[in-house]
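# Observations on chain architecture
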Protein chains: 2
Amino acid sequence: MIWLIPGVLPGGKVAFMTSAPPPTHRTGGGRTGRPRSADADRAILAATREALVELGWSKLTMGDVAARAGVAKTTLYRRWAGKSELVVDAVAALFDEHLELPDRGSLGADVEGVVLQFAALLERPETKTALMAVVAESTRDDALRDRIRSAIVDRQKTLVLVGRERAQARGELPAEPDASAAARNADLIFDVIAGAVVHRTLVSAEPVDAEWARAFTALLVGGLTAAAAGYTDPAA
Amino acid sequence: MIWLIPGVLPGGKVAFMTSAPPPTHRTGGGRTGRPRSADADRAILAATREALVELGWSKLTMGDVAARAGVAKTTLYRRWAGKSELVVDAVAALFDEHLELPDRGSLGADVEGVVLQFAALLERPETKTALMAVVAESTRDDALRDRIRSAIVDRQKTLVLVGRERAQARGELPAEPDASAAARNADLIFDVIAGAVVHRTLVSAEPVDAEWARAFTALLVGGLTAAAAGYTDPAA
DNA sequence: CTCTTACGCTACGAGCCGTAGCGTAACTGC
DNA sequence: GCAGTTACGCTACGGCTCGTAGCGTAAGAG
């Protein structure tokens, strides 16, 4: 059983948090009783990020976070089902704050921008140690997977959609024939960009610098324009 | 301090395992004393894979694996420093067995083949739950990172190098100007392929089917040939 | 037959988990 | 104000996992 409760993240934006029991997380209106402390939320999430930097994912404990935040351990468990859920919300706030896509004038420049931005986010020790861990956890927890998707992944995917729209408006890319093909294509591009940056940063453990971003962008944009020109396997 | 000890994996191939104390892991010749049981090695690694399938990474414990393998818990700790190291060796054996690159006649066909092969490996519950977890762990453990690299990542990268060599022999791709550029390029392609497949499988949680593999291959090969034709950002 | 190393077993302190129980604090509606 | 309701802090707890120590035994090397 999963409850979806609208909650307010540090950025002031509304997100959805899944909690264990029915935690009635409202901010302004409604029910009776003592309301949950928004200060506690902020303190807990900030403490979580701090603990991630100092201890990393595996050595981070709920008790430690509670102590840092100055709240009781039970308060954490009243709001989050466990470490994974807590950490997802804690790092999701960073994605909220640091992802944007200013128009840089060309498809290539836009791609390069988003690559560097995403890479900068992944270079942070909080995200570096947390992201793969929660993804690993999500392979056995569908609710957690949905939480990651809505709190983190979808925010990145938006950038791809915006970038493609701009490129089409500029005439750099053709319009998609139908909606489902467009969606498949966007998913593909998203997996390629996000996957390459993540793999470079976390598996190969080498920096996404300007040079790499340029080479990657050339490869991707080349592929996109080639595909637009009707490329198929020459051996087929 | 790290020791590198040649050991024999299930496939019969020789791999390198890092153990905590000086465990003198020899098979045929050398020192005095009772030799380590190769049967125990096989049983432990098989038990680890079995436990990964049933329990997943987070609920797998050293005690459980020892019980399944029919050995004492202390024996595990005599050979592996902890859960991460053990799991890396356990899944590395799968990569040894299931990665190969038959010549399919064209660059596109080779890419598609390796994508599907890698995806099939990632669809297994053992690898699915383990790979991201150990990568996450490795962000705070350099020795573990090296172990992952030599036991898993380098085996995949070899396929990229073989594929490129073939493509160059076929005339599908030009020869590289210098060695360092060639290495950078191979790293880029590797991060793109492995990253996209991993991201698609584990983050987007959608299958790498024939259709996706074809679309991805078209994108990548298109980018490679475009780059070979001297593509640069048209807005630059 | 001795030396050396690996193994199985038991036992242990330490740490974290997640929850129960209780008294208190904060806010709502009457 | 006052009752009703919900959140909070605190304490305590059983249960589990960790990683190690100690000891007697098993298996090869010389």
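Residues numbered from 1 in each chain as written. Chains lettered and ligands numbered in written order. Predicted model: local features only at pLDDT ≥ 70, side-chain atom pairs only at ≥ 80, totals over all residues. Heavy atoms only, no water.

## Topic: the nonpolar core
By size, the foremost hydrophobic cluster in this structure holds 132 residues, and its most contacted members are A:Val115, A:Val192, A:Phe216, B:Val115, B:Val192 and B:Phe216. Ignoring any residue separated from it by four or fewer positions in sequence, one finds A:Phe216 in contact with A:Val115, A:Val192, A:Ile193, A:Ala196, B:Leu188 and B:Val192. (Core = buried A, V, L, I, M, F, W, Y, C linked by side-chain atoms within 4.5 Å. Buried < 20%, exposed > 50% of the residue type's maximum accessible area, 1.4 Å probe, protein only. Contact = heavy atoms within 4.5 Å.)

## Brief notes about the protein's contact with DNA strand D
Not every one of the 26 residues close to DNA strand D is listed here, only the nearest: A:Gly33, A:Arg34, A:Thr75, A:Arg79 and B:Tyr77. Counting only the atoms of DNA strand D that lie within 4 Å of the protein, the sugar and phosphate share comes to 62%. Between A:Thr32 and DNA strand D, the recorded distance is 3.4 Å, taken from a side-chain N or O atom to a sugar or linking oxygen. At a separation of 3.2 Å, a base oxygen of DNA strand D approaches a polar side-chain atom of A:Arg78. Breaking the surface near DNA strand D down by element, the ones donating at least two residues are helix H3 (73-79) of chain A together with helix H2 (62-69) and helix H3 (73-79) of chain B. It is H3(A) that contributes the most residues to the surface near DNA strand D, four residues altogether. (Near = heavy atom within 4 Å. Polar contact = N/O pair within 3.5 Å; in protein donor to acceptor, adjacent residues only side chain to side chain. Helix = DSSP H or I, 4+ residues; strand = E, 2+ residues; numbered from the N terminus.)

## With respect to the pattern of salt bridges
Tallied over the full model, the rule gives 36 salt bridges over all chains. We note a salt bridge from A:Arg79 to A:Asp41, for which the minimum N-O separation is 2.4 Å. Here A:Arg79 is found in helix H3, whereas its partner A:Asp41 is found in helix H1 (residues 38-59), with 38 residues between them in sequence. The same class applies to A:Arg79 and to A:Asp41, which are both buried. With a closest N to O distance of 3.0 Å, B:Lys157 and B:Asp187 form a salt bridge. Here B:Asp187 lies in helix H8 (residues 179-203) and B:Lys157 lies in helix H7 (residues 142-170), a separation of 30 residues in the sequence. (Salt bridge = Lys/Arg side-chain N within 4 Å of Asp/Glu carboxyl O.)

## Examining the packing of aromatic side chains
All names here are of chain A. Taken as a whole, this structure holds two aromatic pairs over all chains when the rule is applied. The interplanar angle of 5° and the centroid separation of 5.2 Å between the aromatic rings of Trp-212 and Phe-216 together place this pair among those described as stacked. Here Trp-212 and its partner Phe-216 are both found in helix H9 (residues 210-228), four residues apart, which amounts to about one turn of the helix. Residue Trp-212 is classed as buried on the basis of its relative accessible area of 6%. Above the plane of the ring of Trp-57 lies Lys-83, whose end atom (NZ or CZ) is 4.6 Å from the centre. (Phe/Tyr/Trp six-rings, centres within 6.5 Å; stacked < 30°, edge-to-face > 60°. Lys NZ or Arg CZ within 6 Å of the ring centre and 35° of its normal.)

## What about the interface of chain A and chain B?
Contact residues are listed per partner, giving 54 residues for chain A and 53 residues for chain B. The junction of chain A with chain B conceals about 4,200 Å² of combined surface from both sides, 62% of it contributed by carbon and sulfur atoms. Put simply, chain A and chain B have two salt bridges between them. The closest approach of N and O atoms between A:Arg184 and B:Glu211, which form a salt bridge, is 3.1 Å. Along the contact surface separating chain A from chain B lie 13 residue pairs in polar contact (both at pLDDT 80 or more). Listing elements by their share of the side of chain A that touches chain B, those giving two or more residues are H1, helix H5 (107-123), helix H6 (125-138), helix H7 (142-170), helix H8 (179-203) and H9 of chain A. Tallied by class, residues from the side of chain A that touches chain B come to 29 nonpolar, 13 polar and twelve charged. (Buried area = accessible area lost by both parts, 1.4 Å probe. Nonpolar A, V, L, I, M, F, W, Y, C, P; charged D, E, K, R; others polar.)

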